[in-house]
Amino acid sequence: MSSENSSADDARQVWDVVVVGAGPAGATAAYAAAVAGRRVLLLEKAELPRYKTCGGGIIGPSRDALPPGFELPFRDRVHAVTFSHNGRFTRTRRSRQMLFGLINRPEFDQQLVEHAQKAGAELRTGATVTRVEQHGSAVPDRRTVAVVLQGGETVLAHAVVGADGSASRIGAHVGVKLDQVDLGLEAEIPVPETVAEDWRGRVLIDWGPMPGSYGWVFPKGDTLTVGVISARGEGAATKRYLEDFVGRLGLSGFEPSISSGHLTRCRADDSPLSRGRVLVCGDAAGLLEPWTREGISFALRSGRLAGEWAVRIAEAHDAVDTRKQALNYAFAIKAGLGVEMSVGKRMLAVFERRPGLFHAALTGFRPAWRAFKEITQGSTSLGELVRGHPLAQRALAAMDRKAVAPAADEISP
């Protein structure tokens, strides 16, 4: 087990905040709590840096949620998007301003952790959390939570943030409920300079053959990140889609440096975000955009809120105050990210039935392309778009109605 600045008496001291998981949500939570001057321990089971299955797109809301002075390690800046509908009807739209940037997760996550450490958080890697306890012999008083590590060591805290990913042990403790699970498959494909040059500054989004599925190509210098996602339970079809997709792109001859898979999990509307002095954020809370399954901006934004509210919970002297702060955290999440998720669920329901409608709109209807640009650049969000634009409200209502119309009258691009 490696340790940075950790002392032998971790088990005897009580941290203000312990954060479990050092991905974007956890690192941001640790940063937010440490900046507030609290004693923060960040626990991570892996050694850093480590690979994560992720397209690595950094949209405007992600950029805006980063700590001050954070220099994004962009591998490419995207100014063009090629859209296709299961390999057909290909059309490219361009933007003078950058749409979004592309990063490699190991570098990005490492930098976030370093910012948390500079703010005063302590990092312990190789630390696997098996459970948390809020009652019982391991817990000295009602203001303390016991975080039990593999091997039996116990770390004590006044507040705990669970940011331990989509198969979260802390999420299980809180009772997180999920109602959408998707399978993402991805390959990191090193390519020659001539191929890399063709993709520079441009991504591909392909609306796929299964309901709700799509594929992507994200260029990162001499490597292309190529992936697909669809509903869980379609494993063989999803694998076939990726193979066909790679073949169509003329990339079958290049050997991937990494091939990986990952389940994304979306929270149910009534899923809890806390239990006692324990909060969850990011993937551990099932927070991501249901249609695109974009998770980095949700991780960064919920992580910051979790870190700020964990500080308040750490200061709470009784169960009533603890409950009040936890409810305030839940309200803050639902008022922002929750609104975006509810719009995203409606978008997914329409997209599952009518992918051709989306393709036709994004490639041929200027307001739809403008909305795509504004969302990726961060000047608006899905929630703000629908709330503030009557045209968007009418369009979504119309699409809701068309989503339940017979699939036979699918609009082709």
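Reading the values: the criteria
Residues numbered from 1 in each chain as written. Predicted model: local features only at pLDDT ≥ 70, side-chain atom pairs only at ≥ 80, totals over all residues. Heavy atoms only, no water. Helix = DSSP H or I, 4+ residues; strand = E, 2+ residues; numbered from the N terminus. Rg over C-alpha atoms; globule rule 2.2 N^0.38 Å. Buried < 20%, exposed > 50% of the residue type's maximum accessible area, 1.4 Å probe, protein only. Contact = heavy atoms within 4.5 Å. Areas by Shrake-Rupley, 256 points an atom, 1.4 Å probe, with all protein chains shown as cover. Lys, Arg positive; Asp, Glu negative; His and termini not counted. Charge placed at Lys NZ, Arg CZ, Asp CG, Glu CD. Pairing = 2+ DSSP bridges. Axes fitted to C-alpha atoms, helices over the stretch in contact; angles between N-to-C directions. Core = buried A, V, L, I, M, F, W, Y, C linked by side-chain atoms within 4.5 Å. Salt bridge = Lys/Arg side-chain N within 4 Å of Asp/Glu carboxyl O. UniProt positions renumbered as here; feature names shortened; annotations may be inferred. Phe/Tyr/Trp six-rings, centres within 6.5 Å; stacked < 30°, edge-to-face > 60°. Lys NZ or Arg CZ within 6 Å of the ring centre and 35° of its normal.

### Looking at the overall build of the protein
Part 1 of the reasoning: Regarding its fold elements, the protein presents 12 helices and 18 strands.
Part 2 of the reasoning: In terms of overall size, the protein behaves like a compact globule, its C-alpha atoms giving a radius of gyration of 22 Å where 413 residues would be expected to give roughly 22 Å.
Part 3 of the reasoning: The C-alpha extent of the protein, read off along each of the three principal axes, is 65 × 45 × 40 Å.
Part 4 of the reasoning: Here the protein holds 413 residues, and 56% of them are scored as buried.
Part 5 of the reasoning: Pairs at least 24 apart in sequence give 74% of the contacts found in the protein among residues at least 6 apart.
Part 6 of the reasoning: A total of about 17500 Å² of accessible surface is found on the protein, and carbon and sulfur atoms cover 52% of it.
Part 7 of the reasoning: The protein carries 51 positive and 46 negative side-chain charges, and their two centres are separated by 6 Å.

### Structural notes on the sheet that holds strand β12 (residues 178-190)
Part 1 of the reasoning: Read from one edge of the open sheet, 7 strands run β6-β5-β13-β14-β15-β12-β16, paired in mixed fashion. Strands at the two margins of the open sheet, each flanked by one partner only, are β6 (88-94) and β16 (258-267). Taking the axes of each pair of neighbouring strands and ignoring which way they run, one obtains an average angle of 20° across the sheet.
Part 2 of the reasoning: Across 9 bridges, the pairing between β12 and strand β15 (residues 223-231) is antiparallel. The residue bridging Glu-186 from the neighbouring strand is Gly-227, located in β15.

### Thoughts on the nonpolar core
Side chains of a nonpolar character, in soluble globular proteins, are inclined to be buried together.
Part 1 of the reasoning: Membership of the largest hydrophobic core comes to 72 residues, with the highest contact counts inside it found for Val-17, Val-18, Phe-108, Val-147 and Tyr-329.
Part 2 of the reasoning: If one sorts the elements of this core by residue count, helix α7 (residues 296-315) sits on top with 11 residues.
Part 3 of the reasoning: Residues contacting Tyr-329, with those up to four places away along its chain left out, are Leu-273, Leu-279, Val-280, Cys-281, Ser-302, Leu-305, Ala-306 and Trp-309.
Part 4 of the reasoning: Within the second largest apolar cluster, 27 residues are counted, among which are Leu-102, Trp-291, Leu-362 and Val-386.

### Describing the pairing of strand β14 (residues 214-220)
Consecutive side chains of a regular strand alternate in pointing toward one face of the sheet and then the other.
Part 1 of the reasoning: In terms of burial, β14 is a largely internal element, 7 of the 7 residues being buried.
Part 2 of the reasoning: With 4 bridges connecting them, strand β13 (residues 202-207) and β14 associate as antiparallel partners. Residue pairing for β14: Ile-205 is matched across the bridge by Trp-216.
Part 3 of the reasoning: The pairing of β14 with β15 spans 7 bridges and is classified as antiparallel. Bridging across to β15, Phe-218 finds its partner in Thr-225.
Part 4 of the reasoning: Connecting β14 to the next strand, β15, in antiparallel fashion are 2 residues, including Gly-221 with a positive phi near 70°.

### Observations concerning the environment of Gly-344
Part 1 of the reasoning: Mapped onto the elements of the fold, Gly-344 is located in helix α8 (residues 319-353).
Part 2 of the reasoning: When the C-alpha positions of Gly-344 and Leu-288 are compared, they lie 9.3 Å apart, and in sequence the two are 56 residues distant.
Part 3 of the reasoning: If we skip the residues at most four places from it in the chain, Gly-344 touches Glu-289, Pro-290, Trp-291 and Leu-382.

### Here we look at the pattern of salt bridges
Part 1 of the reasoning: Per the counting criterion, the structure on display carries 18 salt bridges.
Part 2 of the reasoning: Between Asp-109 and Arg-50 there is a salt bridge, with its nearest N and O atoms 2.7 Å apart. Residue Asp-109 is found in helix α3 (residues 105-118), and its partner Arg-50 is found in the loop between β2 (40-44) and β3 (57-58); the two are separated by 59 residues along the sequence. As far as the burial class goes, Asp-109 and Arg-50 line up, both buried.
Part 3 of the reasoning: For Glu-153, the salt bridge is made with Arg-124, and the minimal N-O distance between the two is 2.9 Å. Of this pair, Glu-153 sits in the loop between β10 (145-149) and β11 (154-162) while Arg-124 sits in strand β8 (residues 122-125); the two residues are 29 residues apart in sequence, bridging distant segments of the chain.
Part 4 of the reasoning: What makes Glu-153 partly exposed here is its relative accessible area of 28%.

### Things to note about the UniProt feature "domain: FAD-binding" (unreviewed entry) in the protein
Part 1 of the reasoning: Mapped onto the present numbering, the UniProt feature "domain: FAD-binding" (unreviewed entry) falls at residues 16-178.
Part 2 of the reasoning: A helix fraction of 23% and a strand fraction of 34% characterise residues 16-178, whose end C-alpha atoms lie 29 Å from each other.

### Focus: the packing of aromatic side chains
Part 1 of the reasoning: Tallied over the full model, the rule gives 14 aromatic pairs.
Part 2 of the reasoning: Centroid distance Phe-83 to Phe-372: 5.6 Å. Interplanar angle 80°. Geometry classified as edge-to-face. With Phe-83 in strand β5 (residues 80-85) and Phe-372 in helix α10 (residues 366-377), the pair connects residues that are 289 residues apart, well separated along the chain. Take Phe-83 and Phe-372: they sit in the same class, and that class is buried.
Part 3 of the reasoning: One aromatic cluster in this structure is built from Phe-83, Trp-207, Tyr-214, Trp-216, Trp-291, Phe-351, Phe-358, Trp-369 and Phe-372.
Part 4 of the reasoning: For the cation-ring pair, Arg-202 lies above Trp-199, with the distance from its terminal atom to the ring centre recorded as 4.4 Å.

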